[in-house]
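Listed below, chain by chain, are the residues.
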Amino acid sequence: MDYTTLGSTGLEVSRLCLGCMNFGSEEPWMLDNREESKAVIERAIDQGINFFDTANVYSRGESEAILGEALAGRREESVIATKVHGRMREGPNGQGLSRRHVLEQAEASLGRLGTEYIDLYQIHRWDDSTPITETLSALDTLVGEGRVRYVGASTMPAWKFAKALYEADLDNRERFVSMQCEYNLLDRHEEQNVLPLCRDQDIGVIPWSPLAGGFLADKYDREEEPEDGRAATDDRTRGRFTEENWAVLDVVRDLAAEKDVSPVELSIAWLLHKPMVDAPIIGPRTIEQLDGTVGALDVSLTDEEVERLEAPKDPVWSRAIGDV
Ligand SMILES: NC(=O)c1ccc[n+]([C@@H]2O[C@H](COP(=O)([O-])OP(=O)(O)OC[C@H]3O[C@@H](n4cnc5c(N)ncnc54)[C@H](OP(=O)(O)O)[C@@H]3O)[C@@H](O)[C@H]2O)c1
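Residues numbered from 1 in each chain as written. Predicted model: local features only at pLDDT ≥ 70, side-chain atom pairs only at ≥ 80, totals over all residues.

S.K.: How should the pairing of strand β7 (residues 148-154) be read in this particular structure?
M.R.: Consecutive side chains of a regular strand alternate in pointing toward one face of the sheet and then the other. Among the 7 residues that make up β7, 6 are buried, leaving the element largely enclosed by the rest of the structure. Sheet topology note: the strand β6 (residues 118-123)/β7 ladder contains 5 bridges and is parallel. The partner of Q122 across the bridge, within β7, is G152. For the handedness criterion, the β-α-β arrangement of β6, helix α4 (residues 132-144) and β7 is classed as right-handed. (Buried ≥ 20, exposed ≤ 12 C-beta atoms within 10 Å, placed from the backbone. Helix = DSSP H or I, 4+ residues; strand = E, 2+ residues; numbered from the N terminus. Pairing = 2+ DSSP bridges. Right-handed = clockwise from strand over helix to strand, strands pointing away.)

S.K.: Would you explain the nonpolar core in this entry?
M.R.: Nonpolar side chains tend toward joint burial in soluble globular proteins. The biggest cluster of nonpolar side chains holds 87 residues, and the ones touching the most others in it are C17, L18, Y121 and L216. It is helix α9 (residues 263-272) that provides the largest number of residues to this core, a total of 7 residues. Those residues in contact with L216 that sit more than four places away from it in its chain are N184, L185, L186, L211, L249, V252, P263 and S267. (Core = buried A, V, L, I, M, F, W, Y, C linked by C-beta atoms within 7 Å. Contact = placed C-beta atoms within 7 Å.)

S.K.: How do you make sense of the site of the ligand when you look at a structure like this?
M.R.: Contacts to the ligand come from 30 residues, most closely from G19, M21, G214, G229 and G283. Classifying every residue of the shell around the ligand gives 12 nonpolar, 14 polar and 4 charged. (Near = placed C-beta within 6 Å. Nonpolar A, V, L, I, M, F, W, Y, C, P; charged D, E, K, R; others polar.)

S.K.: What am I meant to see in helix α1 (residues 34-46) here?
M.R.: Along an α-helix, residues three or four positions apart point the same way, because every turn accommodates 3.6 residues. Counted at 1.5 Å a residue, the expected span for α1 with its 13 residues is 18 Å, and the 18 Å between its end C-alpha atoms agrees. Every buried residue of α1 is listed here: S37, V40, I41 and A44. For α1, the angular spread of buried residues about the axis comes to 95°, placing them on one side. In α1, the exposed positions angled more than 90 degrees off the buried face are occupied by E35 and D46. Among the structural elements, β3 (17-19), α2 (62-71) and α10 (287-291) are those in contact with the buried residues of α1. At the exit of α1 stands G48, carrying a positive phi of roughly 100°. (Expected span 1.5 Å × (residues − 1). Arc of directions from axis to C-beta.)

S.K.: It is not clear to me how the packing of helix α8 (residues 243-259) against α9 should be interpreted in this structure. Could you clarify?
M.R.: When two helices pack together, their arrangement is given by the angle between the helix axes and the distance between those axes. Close contact between α8 and α9 brings their axes to 9 Å; oriented N to C, the two are set at 100°. In terms of axis orientation, α8 runs roughly perpendicular to α9. Between α8 and α9, the contacting residues are V252, R253, L255, A256 and K259 on the first element and P263, L266 and S267 on the second. Broken down by class, the residue content of the contact of α8 with α9 amounts to 5 nonpolar, 1 polar and 2 charged. (Axes fitted to C-alpha atoms, helices over the stretch in contact; angles between N-to-C directions. Parallel < 35°, antiparallel > 145°, perpendicular 65-115°, else oblique.)

In structure tokens form, the structure reads like this:
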């Protein structure tokens, strides 16, 4: 395994972060098996992965609880990232980034994860109903109390993220050290949004859905409706079945064959070659998928190969995408 430091911090993380969204039962495409989930996490540890990403909202706490069980007794070697914002219960104060909800949810996440502290506490989305200064003050409290080590953000328009960084500097609050955004060979819209800001501000980038929900694993056919895999029941993944995206996959397939690597390894390697990317958040559902991903660390790409992979698509930012 290779390691890097997250953004401008001294926090050492593996260059692959294990995403834990698949570990739960909320959606039909999830693993829905506690023991198998823990086996994937244990295999990741054996591979040298020390960086794990989850969220309070993933299967309403189930993912955090599974990760906590798997990491029991191994807390010191692990870097745990989780998130707050999504709805955790119906009614007032059941979601968002108010001081009330953030402090309550941090305690709940700590309990489920079975830990005294969260390494990276991320705001999952922007909350238009709460002033960012209120959220920053709540995050500051958590860092001051030793419950959180670093704060991060995820998926928002760049101007809002710039405002958050500015307000943190102005009030001498903890600054967001990382941005978790959708980024893969099909979904490159963040090149027109938050990524230039992250490069300028030395913010660590940890891309989600690095395989576009499995599309880049070359498991679907343009002529057939998916019967298995995430695309069979997940509209977001099925929505990627466009002619432009199939054209990207054609290039991925051809270049992978030429280089004698898999489309998965090539797609993840492309992300690892982006200088501002610290660690793609991989989402294997099985041990075999995990084992089939780590080889990406050994794949070298020339500038010409990167250009070839990017040629079929021009990235476009749309507010609708950033506000999902
Ligand atoms: N901040 C956010 O808003 C946000 C949003 C989404 C995700 N995330 C984070 O990012 C992580 C990864 O997201 P993701 O699950 O969408 O990632 P992804 O890598 O784009 O998709 C994962 C899916 O790809 C397929 N796959 C993975 N490795 C494979 C392999 N080696 N061979 C064949 N197929 C493979 C599997 O599909 P099948 O299950 O169909 O086999 C797997 O479920 C999540 O766990 C979560 O931590 C964050």
